[in-house]
Amino acid sequence: MIDNKLFLTYQSSLLSGSRSGCTQIVNGLIKSEISIKELYINLFQRSMYEVGTLWEQNKISVATEHLCTSVTEYLISLCYPSIFSAEHTGKKAIITCTPGEYHQIGARMVADYFELHGWDGYYLGADTPADELIKFTTEKLPDLMAISISVSFNHANLLRLVDKIRHTFPDLTILVGGQGFRWGGDEAFQSLENIYLIRSLDELETKFLNPQAT
Amino acid sequence: MMPETSPILADYIMRDSTMVFLIIGKEGNILESNNFTDALVGKKLKGLALNELFIDFGKALDLDQLLKESTEKTLVNLSTAANLPETYYFRFYDLGNTILALGEANNYEIGLLRKSMLELNQELNNLTRELQKKNAELKKLNELKNQFLGIAAHDLRNPIGIIMGYSDFLLEELIEELTPDQIVMLETIQNTSEFMLHLLNELLDLSAIESGKLRLEKQKSDISALIRKNITINGVIAAKKNIQIQMQSFESIPDVLFDENKIEQILNNLISNAIKFSLAGTTVRVNLFLTGDHVTVAVADQGQGIPPHEIDRLFKPFQVTSVKSTGGEKSTGLGLSIVRNIILGHGGKIWVESKVGVGSTFYFSLPLLRPSP
């Protein structure tokens, strides 16, 4: 259980770039058999949302934001033994960032979420060129694709990318999401068939990963 | 304009600026420094020598030279509180009795570095993710392999038992009616079946060890007695090859906590190996002695010895050395790997010393029982 006091201690370690302080907290939580879902949503996601807000409000520098991202990415890797031990369902998803999108942590967490639910979550990384994505999709033939944008100025890149993918794979279900939709921008995708805007990891879980549970 | 702005600028430089600002005496002592420089270095610089701040790689700091170069920006490495040198771009101004030093970091350079570090870090994390995913997949495959191995070996034991039983029966009951060729054939069936059963038992052991199902039923026992018992059993086989087995124990050995069946299996493996690779007329010596808080067993032969480059793989599964047995005995390549795992499971150690042409000594040690506090 992550109470507010623990969260604030973690957040303070994160903002000061104390990898060892954060590691100690995360290892302690893993040892206490906390669910990966809670760790992802109530610690990693919440803290990085706050980091993003502090950056937007000019309360922390971009360097500090990058430091927090690096530390969080490392901490996420501590959860992998649990994430990758899930029973496989045989379903495959490709998770990627648009060209020009360098913030990858949200997309990576989505990829891990797929893995946690027994999917093969192929994660392609930040700033993935469209041609490489098409080539990889042709090889893997996924059941689903998820594309993330973390900053709103990548909306145009996302639209271009979606258009290109639909041209080659018209029936492929595509999920779009990320903090880039925080201030809107979803209307461009509403009329498109097989395209869904996902606003949270919970929504991803209930609508696509574990729909029978609802 | 300047006269009015000067105090404001001076105040800004001293309190808020992220520029290195120093007033230096002609002797190289720091007369004034701003807050940022003190924080960067991690101490108040006023009164200290300049060489406590400037890291001059390879040559002594020459202020006169620095002043001469001051028409150009000069790169100087600074010692910092973070214990990492930082490069600043300096200009030095001669103010008469003092020198003004102004230094700036190159933010463009730092930005590029940060971007590159960020990309490398992302790449590293993505590779870690891939690696961990592959590890999980391999772990699952290994579990499947162990399951398969266990099931296959278990199910093959019964038919082999039947083959052994009937060949025994034929050799015992019909020996009078069999031709010499038929007897040889039946003995071959019997020997091969025995080897197959031995192999299957070792595969089952290995599968249990690899899947973490090795169960040790440890109890306080007399290891000397167990060694003597095993020497008696192996003595029969040794005698057939004209090899002697001797036991030496000069100390009183206390009871040790171990799984009797498993340690017997180890003794049998090491002693029968020693016989297997020894020549006629030689002696196999089994020594038992105390070493600190362990009891150590050494099985030494006067055999052919193991080439040094093969020693490392001795305890790995499915590894057979180039050393040939002296009586045509077969090896599964699994025995020593199982032995090692059983010893490790007891919290002990196993090692070997060997010299080609002289012989080999296999040692294993088990922890002694700690006296109750």
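The rules we used
Residues numbered from 1 in each chain as written. Chains lettered and ligands numbered in written order. Predicted model: local features only at pLDDT ≥ 70, side-chain atom pairs only at ≥ 80, totals over all residues. Heavy atoms only, no water. Pairing = 2+ DSSP bridges. Helix = DSSP H or I, 4+ residues; strand = E, 2+ residues; numbered from the N terminus. Polar contact = N/O pair within 3.5 Å; in protein donor to acceptor, adjacent residues only side chain to side chain. Contact = heavy atoms within 4.5 Å. Buried area = accessible area lost by both parts, 1.4 Å probe. Salt bridge = Lys/Arg side-chain N within 4 Å of Asp/Glu carboxyl O. Domains from an automatic or database assignment. Buried < 20%, exposed > 50% of the residue type's maximum accessible area, 1.4 Å probe, protein only. Right-handed = clockwise from strand over helix to strand, strands pointing away.

**Re the sheet that holds strand β1 (residues 20-25) of chain B**
Residue and element names in this part refer to chain B.
And then number 1: Across the sheet, 6 strands lie side by side as β2-β1-β6-β5-β4-β3; this open sheet has antiparallel pairing. Where the open sheet ends on each side, the last strands, each with one partner, are β2 (30-33) and β3 (54-55).
And then number 2: In terms of strand pairing, strand β4 (residues 74-78) meets strand β5 (residues 86-94) through 5 bridges, oriented antiparallel. Bridging across to β5, V76 finds its partner in Y88.

**Quick notes on the side chain of S17(B)**
Residue and element names in this part refer to chain B.
And then number 1: Note that S17 resides in the loop between α1 (2-15) and β1.
And then number 2: Polar side-chain contacts of S17 include one of 2.9 Å to the backbone nitrogen of M19.
And then number 3: With residues up to four places along the chain from it excluded, the contact list for S17 reads Y12, N34 and F36.

**A few points about the interface of chain B and chain A**
And then number 1: At the junction of the two partners, chain B supplies 14 residues and chain A supplies 25 residues.
And then number 2: In total, about 1,600 Å² of surface goes out of reach between chain B and chain A, with carbon and sulfur atoms giving 49% of it.
And then number 3: If you sort the residues of chain B by the area they bury against chain A, R114(B), R129(B) and K133(B) come out on top, with a joint share of 37%.
And then number 4: Counting every contact that joins chain B to chain A gives 3 salt bridges.
And then number 5: A salt bridge links K133(B) to E115(A); its shortest N-O distance comes to 2.7 Å.
And then number 6: Applying the counting rule to chain B against chain A returns 10 residue pairs in polar contact (both at pLDDT 80 or more).

**What about the side chain of T282(B)?**
And then number 1: With respect to the helices and strands, the residue T282(B) is situated in the loop between α7 (260-276) and β10 (283-291).
And then number 2: Once residues lying within four places of it in the same chain are set aside, the contact partners of T282(B) are N242(B), I243(B), Q244(B) and Q302(B).

**Observations concerning the domain arrangement of chain A**
Residues and elements named next belong to chain A.
And then number 1: Under the domain assignment used here, chain A contains domain 1 (4-83) and domain 2 (92-213).
And then number 2: Tallying the contact residues gives 18 residues for domain 1 and 15 residues for domain 2.
And then number 3: With both sides pooled, the region where domain 1 packs onto domain 2 buries about 1,500 Å², and carbon together with sulfur makes up 56% of that total.
And then number 4: At the boundary of domain 1 with domain 2, the tally comes to 4 salt bridges.

**Some details on the pairing of strand β4 (residues 173-177) of chain A**
Side-chain positions along a regular strand alternate between the two faces of the sheet.
Residues and elements named next belong to chain A.
And then number 1: Burial runs high along β4: 5 of the 5 residues are buried.
And then number 2: Burial along β4 is two-sided: the face carrying T173, L175 and G177 and the face carrying I174 and V176 are both buried.
And then number 3: Here strand β3 (residues 144-148) runs beside β4; their pairing, made up of 5 bridges, is parallel. Along β4, the bridge assignment pairs S148 with G177.
And then number 4: Handedness of the crossover joining β3 and β4 through helix α8 (residues 155-168): right-handed.

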